[in-house]
Structure formats: structure tokens, C-alpha cells
Amino acid sequence: AQTVTQSQPEMSVQEAETVTLSCTYDTSESDYYLFWYKQPPSRQMILVIRQEAYKQQNATENRFSVNFQKAAKSFSLKISDSQLGDAAMYFCAYSSNYGGSQGNLIFGKGTKLSVKP
Amino acid sequence: GAGVSQTPSNKVTEKGKYVELRCDPISGHTALYWYRQSLGQGPEFLIYFQGTGAADDSGLPNDRFFAVRPEGSVSTLKIQRTERGDSAVYLCASSRRDDYEQYFGPGTRLTVT
């Protein structure tokens, strides 16, 4: 079974600085997707960034980028120029690309990010 | 509507009662997912619909939990004989068949007293 581990329960960053959130996963599959989701206090999960395992190039979305190390099964999220609105819970998630499991997301326990003004 | 909606936003029920939680997906999204998020945890997969049929219900914890999507749009998650351990936020998400991006609703917070 696949698992996702986020080893940092809480992180803090100064506004305008850069922070990196860690995520590791375990799988025997070769074709899968990885995601970072943001969950503010409103509870609504918002997709931040997505990475296809077959792509070697790291995904980027404006101030958000990932460091995808397939061999190490590591998928960290870097947030540049942190803003107060980035404060939230961040979840790393895995999705298989095989059979009936396609799309079912497996989440880590999350990292609570605080942004200091 | 513009996004996934879930009703009610909060539900308080007594142990042993029956509850229904509703999810309205984004129009045109054929895939619909239910997740359960306990306090301090990440969401856990419950069930996935592709159209009207449950493509994967391996995450349902026991036979007290059941979900339907009779017309391939709105879905209802049903919980019989609720227990205090069922207290959690129940999240619904939907996606287009050919896109793995899931759009989440705001969730229903269920409290069993």
C-alpha cells in the first residue's frame, strides 16, 4: 500500500522569505501523480501544484515550486516570497495511475504553516 | 454552481441516529469522491464514483456507511447507527474524467454526541 509522510507538523516563515515543506512517499508503482494541497481555516482544499511522475522537470506555479526526487521518493514544496495569505495547512498527496485506484488521493498528515509579518 | 457544494455545513446528531450528507459536484464532472478528515489528520479516502456507479468503495470503514449517486450528479453519503468515532469533517470532491485535478467542497462537520 502507498503511504505519504510529512515529517514537519508545523513550520514558520517570515513574510517575503522562502520556506520548504517536506514530503516523502512509499510506492512500488512507477506511474503516479503527486500533489500539494492547501487547506485554510475555511476547510476548503485548494490544489497548489501537481507533478506527474513520468516528468523529470519539476513543476512550478508562480511562487510555488517542487523538488521531485523520484529515486528518493521525495516531493518537497518551496514557497518563495511568502505572503500572509499562505498561512494554512499544507497536505502532500499521492494518486495512483492504475486501474480502479486512479484519482483516489492518499494524503499525509499535513504541515501547519505560519507566516510572520 | 461555480464550485462543489456540500450540505449541511455542520451536523450534530446523537449516537445511534441515521444521517445523510449531500454533495453537489461541479456541473459536468463525472468523477466524485468522498473523504473523511479526522481532527489533526489528512483526509482519508472513502469512496469514488465514476458516473452513477461506485468505481472503488474500498475506503468505507464498515457496512454502516453507504453512498449513492443515482443520476450521476448529486451524491449522498449515508451513515447508519452513528458512533462517536464517526465525528469528523466529511469532504466531497469532483473532477473531469480526463483530469486528475480534484475540486473540493467546504465539507460537512459531523459531530456525534
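Please refer to the structure placed before this passage.
These figures come from a predicted structure and were not determined experimentally. (Residues numbered from 1 in each chain as written. Chains lettered and ligands numbered in written order. Predicted model: local features only at pLDDT ≥ 70, side-chain atom pairs only at ≥ 80, totals over all residues. Heavy atoms only, no water.)

**Q** Explanation requested: the overall build of chain B in the structure shown.
**A** Of regular secondary structure, chain B possesses zero helices and 11 strands. Relative to its length of 113 residues, chain B is compact, with a C-alpha radius of gyration of 13 Å against a globular reference of 13 Å. Across its three principal directions, the C-alpha atoms of chain B cover 40 × 25 × 25 Å. Counted over contacts in chain B with a minimum sequence separation of 6, partners at least 24 positions apart contribute 52%. Counting every atom, chain B has about 5400 Å² of accessible surface; 46% of that belongs to carbon and sulfur. (Helix = DSSP H or I, 4+ residues; strand = E, 2+ residues; numbered from the N terminus. Rg over C-alpha atoms; globule rule 2.2 N^0.38 Å. Contact = heavy atoms within 4.5 Å. Areas by Shrake-Rupley, 256 points an atom, 1.4 Å probe, with all protein chains shown as cover.)

**Q** Even after reading the chapter, I still don't get the interface of chain B and chain A, so can you show me in this structure?
**A** Taken together, the contact between chain B and chain A spans 24 residues of the former and 21 residues of the latter. Note on chain B versus chain A: buried area summed over both sides is about 1800 Å², and carbon and sulfur give 48% of it. When the buried surface of chain B facing chain A is broken down by residue, Pro43(B), Tyr100(B) and Phe104(B) rank first, second and third, together holding 36% of it. For the pair chain B and chain A, the number of links is zero salt bridges. At the surface where chain B touches chain A, the tally comes to eight residue pairs in polar contact (both at pLDDT 80 or more). (Buried area = accessible area lost by both parts, 1.4 Å probe. Salt bridge = Lys/Arg side-chain N within 4 Å of Asp/Glu carboxyl O. Polar contact = N/O pair within 3.5 Å; in protein donor to acceptor, adjacent residues only side chain to side chain.)

**Q** Where do I start with the sheet that holds strand 3 (residues 19-24) of chain B in this structure?
**A** One key point about sheets: their strands pair by backbone hydrogen bonds, in either a parallel or an antiparallel sense. Residue and element names in this part refer to chain B. The sheet built from four strands is open, its strands ordered 1-3-8-7 with antiparallel pairing. Looking along the sheet, the strands with just one partner apiece sit at the ends: strand 1 (5-7) and strand 7 (65-68). Between one strand and the next, the sheet's axes are offset by a mean angle of 15 degrees, whatever the strand orientation. As paired elements, strand 3 and strand 8 (residues 75-79) share five bridges and run antiparallel to each other. Bridge pairing links Leu-21 to Leu-77 in strand 8. (Pairing = 2+ DSSP bridges. Axes fitted to C-alpha atoms, helices over the stretch in contact; angles between N-to-C directions.)

**Q** Would you mind showing me how to read the packing of aromatic side chains here?
**A** Think of a pair of aromatic rings as described by two things: how far the centres are apart, and how the planes are tilted against each other in angle. The tally for this structure, following the rule as stated, stands at 16 aromatic pairs over all chains. When the centroid spacing of 6.1 Å and the interplanar angle of 40 degrees are considered together, the rings of Phe35(A) and Tyr37(A) count as tilted. Owing to a relative accessible area of 0%, Tyr37(A) belongs among the buried residues under this scheme. Through successive ring pairs, a cluster of aromatic residues spans Tyr33(A), Phe35(A), Tyr37(A), Phe91(A), Phe107(A), Tyr33(B), Tyr35(B), Phe45(B), Tyr48(B) and Phe104(B). (Phe/Tyr/Trp six-rings, centres within 6.5 Å; stacked < 30°, edge-to-face > 60°. Buried < 20%, exposed > 50% of the residue type's maximum accessible area, 1.4 Å probe, protein only.)

**Q** Teacher, can you tell me more about the pattern of salt bridges here?
**A** Side chains that carry opposite charge are capable of pairing whenever their charged atoms lie near each other. Inspection of the entire model under this criterion finds seven salt bridges over all chains. Across the salt bridge formed by Arg64(B) and Asp86(B), the nearest N and O atoms sit 2.8 Å from each other. Highlighted residues: Arg64(B) in the loop between strand 6 (53-56) and strand 7 and Asp86(B) in the loop between strand 8 and strand 9 (88-95), separated in sequence by 22 residues. Judged by its relative accessible area of 6%, Arg64(B) is buried. Residue class for Asp86(B) comes out buried when judged on its relative accessible area of 3%. Linked by salt bridges that have partners in common, Arg50(A), Glu52(A) and Lys55(A) make up one network.

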